[in-house]
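# Structure at a glance
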Amino acid sequence: MEIGLTLNQALLASLVITLAATVQGVIGYGVGVFGVPLLYLIYPDFVPAPMIVIGMLLPVLILRRDYRAVDKQDLLWAYPGMATGIIAAGIIVDYISQQLLGILLSSLVYAGVALGLVRKARSPSRATISFAAALSGLMGTITAIGGPPLSLAFRKLHGPRLTGTLSAIFVPAGVLAITVLALTNHFGWHDLLLASLLTPGMLVGYWLSGALNQRLSPAILKPLVLTVSLLAASLILLRSLA
């Protein structure tokens, strides 16, 4: 089965996912807001299913590293909301055109960038966690960007507690999302091959994040990540509206 990528596209996609995985391993997010819009520009078929697979595999590795810091009480409220959002996405995904996907994707990146600039933080309520998880499941299944709502809900957390808790949510969410997409004929061998192509870069990025975790300051990384994400989202929006 042919993937349909040129060599240059494959190399560029590998570089992007390596950078995105490195960023996520350091600051808790990056594969969605940073990686998805860039990969969509390189080759639209990377979104959503292949990136959902990557968005599930990377948290597995991060969770293995940070599982001791996971807040289990938060998970009890996040899981039902996440499942509700994913099932709802499975019902409406057939009605999402490529043009609408581009608009939704760019809009979510804009939202993610805006949330990344929010400084004031408070402990999330149970209702907030459930609602954020539902929205994350809905949009994550459709666009592969499900991080912003949960990042906002958990913005008071930092370090291993943040990366561990988010990863503990994203792993089962990824399994359920892929299951729902497969049942609705939106996940197949082509998507699996594309995900396999990205996996080596993701592994390299995870390794780099462990080596650089104490050396790279989130205060330096975040503005750069948000700026590149904003530019990529703008290009997607212009392309979708053209």
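That block above? That's the structure.
This text gives an overview of the structure that appears in the document. (Residues numbered from 1 in each chain as written. Predicted model: local features only at pLDDT ≥ 70, side-chain atom pairs only at ≥ 80, totals over all residues. Heavy atoms only, no water.)

Let's shift gears to unusual backbone geometry. In this model, Val47 is joined to Pro48 through a cis peptide bond whose omega is 5°. Position of Pro48 among the secondary structure elements: in the loop between helix H2 (31-42) and helix H3 (49-66). Located in the positive-phi region is Ala144, a residue other than glycine, with phi close to 70°. For Ala144, a relative accessible area of 13% gives the class buried. Despite not being glycine, Asn185 has its phi angle at roughly 65°, a positive value. Inspection of the secondary structure puts Asn185 in the loop between helix H8 (159-183) and helix H9 (189-212). (Helix = DSSP H or I, 4+ residues; strand = E, 2+ residues; numbered from the N terminus. Buried < 20%, exposed > 50% of the residue type's maximum accessible area, 1.4 Å probe, protein only.)

Ranked by size, the top nonpolar core spans 73 residues in total, and within it Leu39, Phe46, Met51 and Leu150 carry the most contacts. Here this core takes ten residues from H8, the largest share from any one element. When neighbours within four sequence positions are excluded, Leu150 is seen to be in contact with Met82, Ile129, Ala132, Ala133, Ser136, Leu166, Ile169 and Phe170. (Core = buried A, V, L, I, M, F, W, Y, C linked by side-chain atoms within 4.5 Å. Contact = heavy atoms within 4.5 Å.)

It is worth spelling out the pattern of salt bridges at this point. The tally for this structure, following the rule as stated, stands at two salt bridges. With a closest N to O distance of 3.3 Å, Asp66 and Arg65 form a salt bridge. Taking the relative accessible area as the measure of exposure, Arg65 reaches 26% and is therefore partly exposed. Where Asp71 meets Arg161, a salt bridge forms, and the shortest distance between an N and an O atom there is 2.5 Å. Highlighted residues: Asp71 in the loop between H3 and helix H4 (72-92) and Arg161 in helix H8, separated in sequence by 90 residues. With relative accessibility at 18%, the residue Asp71 sits in the buried group. The exposure class of Arg161 is partly exposed, given its relative accessible area of 37%. (Salt bridge = Lys/Arg side-chain N within 4 Å of Asp/Glu carboxyl O.)

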